[in-house]
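Residue-level structure breakdown
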Amino acid sequence: MAAAPLKIVVFDDDPTGSQTLHSCPLLLRWDAASLRAGLAHPSPFLFLLANTRALAPAQAAARVRRICRAIKPALEAARAEGLIGSWLLVSRGDSTLRSHFPLEVEVIAAELGGPEGWDATLLVPAFLPGGRSTRDGVHYLHGQPVHTSAFARDSLLGYRTSFLPAWVEEKSGGRVPAAAVERLGLAELDAAAADHPGGNGASEAAAGPGFQALCERLAALEGNRTVAVDAERPRQLAALGAAVRELSGPHAAARWGRPRRFLFQAAASLLNGLAPIGPQPLAPAALAGLRRRDGPGGWLPGLVLVGSHVPLADAQLEQLLTAPGCSGIELEVVKLARVLEGPLPAELLASLEQAWLQRLGAVLSAGRTPVLYTSRGELPCRSAAERRRLGLELAALMARLAAALAPRLGYLISKGGITTHTLLAEGLGAGLVELQGQLLPGLSLVRLPAGDPPLAAGLAGLPVLTFPGNLGDGGSLRQAWQLMEHPQPLPGPPPLTAALAPGAGSATRPRLAPPPAG
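Residues numbered from 1 in each chain as written. Predicted model: local features only at pLDDT ≥ 70, side-chain atom pairs only at ≥ 80, totals over all residues. Heavy atoms only, no water.

1. Concerning the confidence of the model for the protein
Mean pLDDT over the protein works out to 89, with 90% of the residues at or above the 70 mark. Note that residues 496-518 has pLDDT below 50 and, in this model, 70 contacts with residues that lie over four places away or in other chains. (pLDDT = per-residue confidence, 0-100. Contact = heavy atoms within 4.5 Å.)

2. Observations concerning the sheet that holds strand E8 (residues 144-145)
Taken together, the 3 strands give an open sheet; going across it, the order is E6-E7-E8, and neighbouring strands pair in antiparallel fashion. One side of each edge strand has no neighbouring strand; the edge strands of this open sheet are strand E6 (132-135) and E8. Two strands pair when backbone bridges link them, and strand E7 (residues 138-141) and E8 are joined in this way by 2 bridges, in the antiparallel orientation. Bridging from a neighbouring strand, Tyr140 pairs with Pro145 of E8. (Pairing = 2+ DSSP bridges. Helix = DSSP H or I, 4+ residues; strand = E, 2+ residues; numbered from the N terminus.)

3. Observations regarding the pairing of strand E4 (residues 87-92)
Of all 6 residues in E4, 5 are buried, a share of seventy percent or more. With 6 bridges connecting them, strand E1 (residues 7-12) and E4 associate as parallel partners. Across the sheet, residue Ile8 finds its bridge partner in E4, namely Leu88. (Buried < 20%, exposed > 50% of the residue type's maximum accessible area, 1.4 Å probe, protein only.)

4. A word on the packing of aromatic side chains
The tally for this structure, following the rule as stated, stands at 1 aromatic pair. An angle of 20° between the planes, with centres 5.1 Å apart, marks the rings of Phe101 and Trp167 as stacked. In this pair, Phe101 sits in the loop between E4 and helix H3 (103-112) while Trp167 sits in helix H4 (residues 164-171), placing the two residues 66 residues apart along the sequence. Its relative accessible area of 5% is what places Phe101 among the buried residues. For Trp167, a relative accessible area of 1% gives the class buried. Geometry around Trp118 places Arg261 over its ring, the cationic atom sitting 4.2 Å from the centre. (Phe/Tyr/Trp six-rings, centres within 6.5 Å; stacked < 30°, edge-to-face > 60°. Lys NZ or Arg CZ within 6 Å of the ring centre and 35° of its normal.)

5. Points about the pattern of salt bridges
Applying the stated criterion across every chain, the model contains 26 salt bridges. Ionic pairing is found between Arg92 and Asp13, a salt bridge with its closest N-O pair at 3.5 Å. Here Asp13 lies in the loop between E1 and strand E2 (24-27) and Arg92 lies in strand E4, a separation of 79 residues in the sequence. Residue Asp13 is classed as buried on the basis of its relative accessible area of 1%. Its salt-bridge partner being Glu170, residue Arg160 comes within 3.7 Å of it at the nearest N-O pair. You can see Arg160 sitting in the loop between E8 and H4 and its partner Glu170 sitting in helix H4, a full 10 residues away along the chain. (Salt bridge = Lys/Arg side-chain N within 4 Å of Asp/Glu carboxyl O.)

6. A few points about the nonpolar core
The tendency in soluble globular proteins is for nonpolar side chains to be buried side by side. Leu240 and Leu428 are the most contacted members of the largest nonpolar core, which has 87 residues in total. The biggest single contributor to this core is helix H15 (residues 384-405), with 9 residues. Ignoring anything within four residues of it in the chain, the contact list for Leu240 reads Leu122, Val124, Leu184, Leu189, Leu214, Leu218, Val229 and Leu270. (Core = buried A, V, L, I, M, F, W, Y, C linked by side-chain atoms within 4.5 Å.)

7. Details of the pairing of strand E12 (residues 302-306)
Of all 5 residues that make up E12, 5 are buried, and the element is covered over most of its length. Judged from the 5 bridges that link them, E12 and strand E15 (residues 411-415) form a sheet pairing that is parallel. Looking at E15, one finds that Leu305 is bridged to Ser414. Inspection of the sheet shows E12 paired to strand E14 (residues 369-374) by 3 bridges, in the parallel sense. Counted as the bridge partner of Leu305 is Leu372 from E14.

8. A look at unusual backbone geometry
Residues apart from glycine generally show negative phi values, whereas peptide bonds are mostly found in trans. Here the amide bond leading from Phe101 into Pro102 is cis, since omega sits at 0°, within 30 degrees of zero. In this fold, Pro102 is placed in the loop between E4 and H3. The backbone of Asn51 sits at a positive phi, close to 60°, despite the residue not being glycine. Checked against the element boundaries, Asn51 lands in the loop between strand E3 (45-49) and helix H2 (57-80). Overall, Asn51 belongs to the buried group, its relative accessible area being 5%. Located in the positive-phi region is His142, a residue other than glycine, with phi close to 50°. Among the secondary structure elements, His142 is positioned in the loop between E7 and E8.

9. Observations regarding the side chain of Thr161
Considering the arrangement of structural elements, one finds Thr161 in the loop between E8 and H4. By relative accessible area, Thr161 is classed as buried at 17%. At a separation of 3.1 Å, a polar atom in the side chain of Thr161 contacts the main-chain amide nitrogen of Phe163. In this view, Thr161 contacts His147, Ala166, Trp167 and Glu170; residues no more than four positions away in its chain are not counted. (Polar contact = N/O pair within 3.5 Å; in protein donor to acceptor, adjacent residues only side chain to side chain.)

10. Structural notes on the environment of His147
Mapped onto the fold, His147 is located in the loop between E8 and H4. Along the sequence, His147 and Cys24 sit 123 residues apart, while their C-alpha atoms lie 33 Å from each other. The contact partners of His147, leaving out residues within four places of it in the chain, are Ala152, Tyr159, Arg160, Thr161 and Ser162. A distance of 2.6 Å separates polar atoms of two side chains, one belonging to His147 and the other to Ser162.

Structure (structure tokens):
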């Protein structure tokens, strides 16, 4: 009888951490039924979209704690039923180091450690397709220390160093001194990669000395030491993943005295090392073919949302707006802030929303792609709490506008993690989305499933391209839009249409009325 499979549960602090994977479920709610369905899915991965990067530290900790207390009995039940064997837990964080580290991983450790505790937390921020690598403990973005980038100057999650041990000390407020952080270097990983089992088909027990040395190094860890891991190539992370499976898998006790327990604070590339998966079923042009049709007619139009305001997003937006088929509509942040602080904010905001919605509808009716974007730059705020509140209000506004138009759309592109999570969870009301694959490196295309009962009518099958704020070059957003605008038709039945999508329930939350089609 085959052994029950390994399940890798990823706590994702925004919806973009699946950006190296395909064919797995992403949950936006964690009730018992949703968790069971996710754990029963054949993919080795289950993503829990916590969206904690959008929250204040105390709120983020509370949300992670709530998810831990939901997933613990679900994991135990799934193992008892034989749905899974062992599991690994990953706190997926930003590859440009903006995160609530070590807060979130400490909550996971406390809630799910059990009497055995953890041997180590491996810090692996590399995202190789996006140019994020680590050498000699220093984390780089396209060859430059990441602390020199605009991302390090984030007003809420900024930092001052790219040297990971010092970064850990800074982020922990000195509770974890840099000297206490171990490092796992490229030389050790390359030696392991030269002869680890994934490279020559041998069993773990028959692996060569480099891989054996890596296993011995990891097996010696205890007391939940923090280990900063270098990575520049996929084969290094593949060797690390093989060593982790060797030390934590079903045969670990016989070979190593006891199974080891590792936690991970990591960006996306580690995931491919922990559970290698094959190529995605659909090539990018075919992924774009998931765009919905107007019944037997042509393709339904698209909508682009740009909530991210980092300099890279500004450059990408600028290039997209030069495309002949796009029309920009700005959400004036200063105006929204005045409305929220003034008298009768609900009534005034509703009036503004209707005006913006009419403008979006007019662009669609003219046969163009509306690009809904927030004012560029960052509005000065009196406090971090005010900054977060304004950001969430903006994201919620964009989500409501997009949801009102969604039954008429063939696809959505959403740039920015907070923008995307709010769109999926609050605007579209999705409890789960299905990851189809990567349209461009790091740009995940997800699809709303046909059988998600809370979905409003006309939303099932809608593809959404989740576009991180910090990814790509100046032309990537325009390139993604062009791919979605020129899809390759899929063989077999056409994609679901807004009118014919099965399994969609009736709307359960208030929506803006969409504008007339003409």
